[in-house]
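Remarks on the overall topology
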Amino acid sequence: MVARSLTAAGGGKDDIVQVTYGYGLFTGGLGAHQGATRIGAMTVPMSSGNTQRQLMMMHDLGATMLCCTPSYAIFLGESLREMGYDPAEFQLKSGCFGAEPWTEEMRDKIEELFDINAYNIYGLTEIAGPGVAYECPAKQGMHVCEDHVIAEILDPETDEPLPYGERGELVFTTITKTGMPMIRYRTHDLCTLTEEKCSCGRTHVRMGRIMGRTDDMLVIRGVNVFPSQIETVLLRVAGVAPHYQLVVDRVNSTDTLEVQVELTEEMFSDTVADVERIRDEIKEGIKSVVGIAASIKLVPPKTIQRSEGKAKRTIDKRGLTETK
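Every residue gets a number counted from 1 within its own chain, in the order that chain's sequence is written. Totals for whole chains, interfaces and linings use all residues, but because this is a predicted model, local features are given only for residues with pLDDT of at least 70 and pairs of side-chain atoms are given and counted only at 80 or more. Only heavy atoms go into the side-chain values, all of them from the structure, while hydrogens and water stay out.

Turning our attention to the overall build of the chain. What counts as a helix is a DSSP run of H or I of at least four residues, what counts as a strand is a run of E of at least two, and both are numbered from the N terminus. Within the chain, the regular secondary structure consists of eight helices and 19 strands. In this description the radius of gyration comes from C-alpha coordinates, and the expected globular size is given by 2.2 Å times residues to the power 0.38. Over its C-alpha atoms the chain spans a radius of gyration of 20 Å, differing by no more than 12% from the 20 Å that the globule rule assigns to 324 residues. Once the C-alpha set of the chain is aligned to its principal axes, its extents read approximately 55 × 55 × 35 Å. Here the term buried applies to any residue with accessible area under 20% of the maximum for its type, exposed to any over 50%, and partly exposed to those in between, with areas from a 1.4 Å probe on protein chains only. Out of the 324 residues belonging to the chain, those deemed buried represent 52%. Contacts are residue-level and defined by heavy atoms, with any inter-residue pair within 4.5 Å sufficient. In the chain, once contacts between residues fewer than 6 apart in sequence are set aside, the share between residues at least 24 apart is 62%. Entry remark: accessible area of the chain is about 15,000 Å², with carbon and sulfur atoms responsible for 50%. Under the counting rule used here, the positive set is Lys and Arg, the negative set is Asp and Glu, and His together with the chain ends is not counted. Taken as the charge location is NZ of Lys, CZ of Arg, CG of Asp or CD of Glu. Looking at charge distribution, the chain has the averaged site of its 34 positive side-chain charges lying 3 Å from that of its 46 negative ones. Here the accessible surface of atoms and residues is derived via Shrake-Rupley with a 1.4 Å probe, and residues count as covered only by protein chains that are part of the display.

Given below as C-alpha cells:
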C-alpha cells in the first residue's frame, strides 16, 4: 500500500527515496522502504536522527523523494539553510509525510522550505502499517485502500456510525489481512470520510486530515482543545517559528493553558512593541478559534526541544493521563 502512495506522489523506478522514519519496532521505516523497493526506486534507509548526515546524504546521493514526519521535515528544512545549503542544490521533488497530525499550514511551510510537493500519508501498525490511506496530486483528502480495509466513522461517545462528512472516530475492518485480522478496530483518530469521486478519477472513499485523537484532546475549562487548532493559529502569524509547546496546569482548581512559541531570528531582535503585537495577535487568534484565553510565552529561537520523530506538543501537569 505504501507503493501506491509513492506512485501517487510521482514516484517511480528512476527515483531515489530517502526514508527517515525509524527502522526499529515501528512499521514506518520498513514499510516505506518496502514500498519504495516495490516501485523499483533506489532506497536510502537513513532512519531517524543525525540531521547533518541526513542532509549530506540527501544532497550527495540526489534523493528525489523524502519520507518522514512533517515536524522533522520542517526541522530538516531549517537545518538545511543553517548548514549553508541552497535548496536549489537538492534534487527533491516530493515527499510523503505522516505518523502525526499536521495542518495545511505545515504543508505550506514544508513546500516552501524544500520547494517540493508535500503529500499526506496515513497508516497504523495494527492494520497494515503506512499507506492505509494516501493523497493524490489533487490533495483533497487521502484515498483509503478499500480493497484491503473497510473504513467507518463512529461517534466516540455513543459508538454509533456517523454519515459521510461527519467528524468522529475512524474505525477499520481488514478484509485481506490474514496474520491478525481486525474487526472495527478503533484508531482513536478523529477525522471525516467522503464518498465523492476525486478529481483524479479515483473512486475510493477519502478521509480528511486527522483533527486530533480521542486521547489527544485536551479538556480545558470545559472546552475541547486540539493542538492542531492552536498550530493553525500560530502558523498564520508572521514572526514566529513552527515550533511550539502547550503546557496545561491546574492552579487554584482552575485549568491554565500556556502556549510557548519560538520567535524567528529576525523578530527576536526586533522592538518590544513588535513582540507585544505578536503576543496579542496569537492570544486573540487562539481565543477566536479555540474559545478560551491562553497565556502566551514567546521564547528565543532554538529554545523548544526539536523532535527527530513524533513531536511531543503537550505537557499536562494536572495529574491526568499525559497526551502526545
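Before going further, it helps to spend a moment on the pattern of salt bridges. By definition here, a salt bridge exists when the distance from a side-chain nitrogen of Lys or Arg to a carboxyl oxygen of Asp or Glu is within 4 Å. Per the counting criterion, the structure on display carries 20 salt bridges. Its salt-bridge partner being Asp14, residue Lys13 comes within 3.6 Å of it at the nearest N-O pair. Judged by relative accessible area, Lys13 falls into the exposed class, the value being 62%. Look at Asp14 and you get exposed, because its relative accessible area is 65%. Residues Arg277 and Glu281 are paired through a salt bridge, measuring 3.7 Å at the closest nitrogen-oxygen approach. Pair noted here: Arg277 and Glu281 are both in helix 8 (residues 272–289), with a separation of four residues, about one helical turn. For Arg277, a relative accessible area of 42% puts it in the partly exposed group. Because the salt bridges share partners, they merge into one network encompassing Glu104, Arg107, Glu135 and Arg209.

Moving on, we come to the side chain of Glu78. Take Glu78: it is sitting in helix 4 (residues 70–82). Summary of buried charges: Glu78 has no salt-bridge partner, and the nearest side chain of opposite charge, Arg306, is 4.3 Å away. Other than its neighbours up to four places away in sequence, Glu78 contacts Leu113, Pro242, His243 and Arg306.

A word on unusual backbone geometry. Positive phi, close to 60°, is recorded for Ser47, a residue that is not glycine. Mapped onto the elements of the fold, Ser47 is located in the loop between strand 2 (42–45) and helix 3 (51–61). The backbone of Asn50 shows a phi angle near 50°, a positive value even though the residue is not glycine. Within the secondary structure layout, Asn50 lies in the loop between strand 2 and helix 3. Overall, Asn50 belongs to the partly exposed group, its relative accessible area being 41%.

A few words on helix 5 (residues 104–114). Looking only at helix 5, the buried set comprises Glu105, Met106, Arg107, Ile110, Glu111, Leu113 and Phe114. On its buried face, helix 5 sits against helix 3, helix 4, strand 4 (94–97), strand 5 (117–124), strand 6 (129–135) and helix 6 (227–234).

Moving on, we come to the pairing of strand 9 (residues 168–174). Counting buried residues along strand 9, seven of its seven residues qualify, which places the element largely inside the surrounding structure. Criterion used throughout: strands pair if DSSP finds at least two bridges between them. Bridge count for strand 8 (residues 149–154) against strand 9 is six bridges, and the pairing is antiparallel. If you follow Ile150 over to strand 9, its bridge partner there is Thr173. As paired strands, strand 9 and strand 10 (residues 185–191) are joined by four bridges and run antiparallel to one another. In the strand pairing of strand 10, Glu169 is matched with Leu190.

Interpretation note: all reported values are geometric properties and have no functional meaning in isolation.
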